[in-house]
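Results of the structural survey
In case you want the letters, here they are:
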Amino acid sequence: MKLRVFWLAAAALALAGCVEYQPYADDATVEAVRYSDPENPSITLFTMVNNRTGKGGHSALLINASERVIFDPAGSFYADIVPERNDVLFGISPRIEQAYRSAHARSTFHVVRQTIPVTAAQAETAYRLALAKGPVAGAFCANATSGLLRQVPGFEGISSTFYPVKLQEEFAALPGVVSDTYYEGDSADLQAGLAQGNAALNSSQ
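First, a word on scope: everything that follows refers to the structure included in this document. A quick note: this is a predicted structure, and the numbers were derived from the prediction, not measured. (Residues numbered from 1 in each chain as written. Predicted model: local features only at pLDDT ≥ 70, side-chain atom pairs only at ≥ 80, totals over all residues. Heavy atoms only, no water.)

Section: the packing of helix 5 (residues 141–150) against helix 6 (residues 164–172)
Where helix 5 contacts helix 6, the two axes come as close as 9 Å, and the packing angle between them is 30°. Between helix 5 and helix 6, the interaxial angle falls into the category roughly parallel. The hand of the helix 5/helix 6 crossing is left-handed. Seen from helix 5, the contacting residues are Ala142, Thr145, Ser146 and Leu149; seen from helix 6, they are Pro164, Leu167 and Phe171. A breakdown of the residues in the contact of helix 5 with helix 6 according to their chemical character gives 5 nonpolar, 2 polar and no charged. (Axes fitted to C-alpha atoms, helices over the stretch in contact; angles between N-to-C directions. Helix = DSSP H or I, 4+ residues; strand = E, 2+ residues; numbered from the N terminus. Parallel < 35°, antiparallel > 145°, perpendicular 65-115°, else oblique. Left-handed = near helix turned anticlockwise from the far one by under 90°. Contact = heavy atoms within 4.5 Å. Nonpolar A, V, L, I, M, F, W, Y, C, P; charged D, E, K, R; others polar.)

This is the structure we're talking about:
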């Protein structure tokens, strides 16, 4: 029975975008887009939540360390101007962060963003762990995200979980977390949203 529940959950995560791999960007491509905000080290948890059921569909981390990246384990997000390597997205300026949220928010899902300020050392630890993690198997997004957080000093109390909303609730209990929720009412088709977002980013280059 537990195995059946797990695979049903995996199918739900697939609909939200927690299953795909992207190409391995080369060094020159990554170097060309690096973006940093050294004044504000922080860790941000993104949770994609089903508007009908309230269940989570995907977990990811925006890490603002020596550079700003998104650890997007088994994620579906892509954009021509956003290189990816082993489930890490590079060049995460505020514009790209908004494109990421917009791609996931649609008539069926909204995006919860929870940001906590951290020390530069904590942020860099999370960043290094994300770079070292390697590609994550489909439906393991929350497990990989919680596992990474548990290795960052100050976040050891986070539980290991496969459930994005459970991780969201534990993260919300941390002191200093600031949260917001983002909705869009466009197509329920994730791939359509990704393609639309990619086209918008390309046109604004």
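There is more to say after this.
What to know about the side chain of threonine 44
On the secondary structure map, threonine 44 appears in strand 1 (residues 42–50). Ignoring any residue separated from it by four or fewer positions in sequence, one finds threonine 44 in contact with Ala60, Leu61, Leu62, Arg113, Gln114 and Thr115.

Section: helix 5
The buried fraction of helix 5 amounts to 7 of the 10 residues, a majority that puts the element mostly inside the structure. Listing the buried residues of helix 5 in full gives Cys141, Ala142, Ala144, Thr145, Ser146, Leu148 and Leu149. (Buried < 20%, exposed > 50% of the residue type's maximum accessible area, 1.4 Å probe, protein only.)

Some details on the sheet that holds strand 2 (residues 56–64)
The antiparallel open sheet is built from 7 strands, whose spatial order is 4-5-3-2-1-6-7. Bordering the open sheet on either side are strand 4 (84–85) and strand 7 (178–182), each of which pairs with just one other strand. Strand direction decides the pairing type here: strand 1 and strand 6 (residues 109–117), joined by 9 bridges, are antiparallel. Its bridge partner lying in strand 6, serine 42 is registered against proline 117. Its contacts with the sheet place helix 4 (residues 120–133) against strand 1, strand 2, strand 3 (68–71) and strand 5 (88–89), and it is angled at close to 120° to strand 2. (Pairing = 2+ DSSP bridges.)

Some remarks on the environment of glutamine 205
As for its placement among the helices and strands, glutamine 205 is situated in the segment after helix 7 (190–203). Each C-alpha atom of the pair glutamine 205 and isoleucine 81 lies 8.9 Å from the other, and the pair is 124 residues apart in sequence.

Comments concerning the side chain of glutamine 122
Take glutamine 122: it is sitting in helix 4. The exposure class of glutamine 122 is buried, given its relative accessible area of 18%. Polar contacts involving the side chain of glutamine 122 include one to the main-chain carbonyl oxygen of proline 153, which spans 2.7 Å. If sequence neighbours within four positions are ignored, glutamine 122 has contacts with Val152, Pro153, Gly154 and Phe155. (Polar contact = N/O pair within 3.5 Å; in protein donor to acceptor, adjacent residues only side chain to side chain.)

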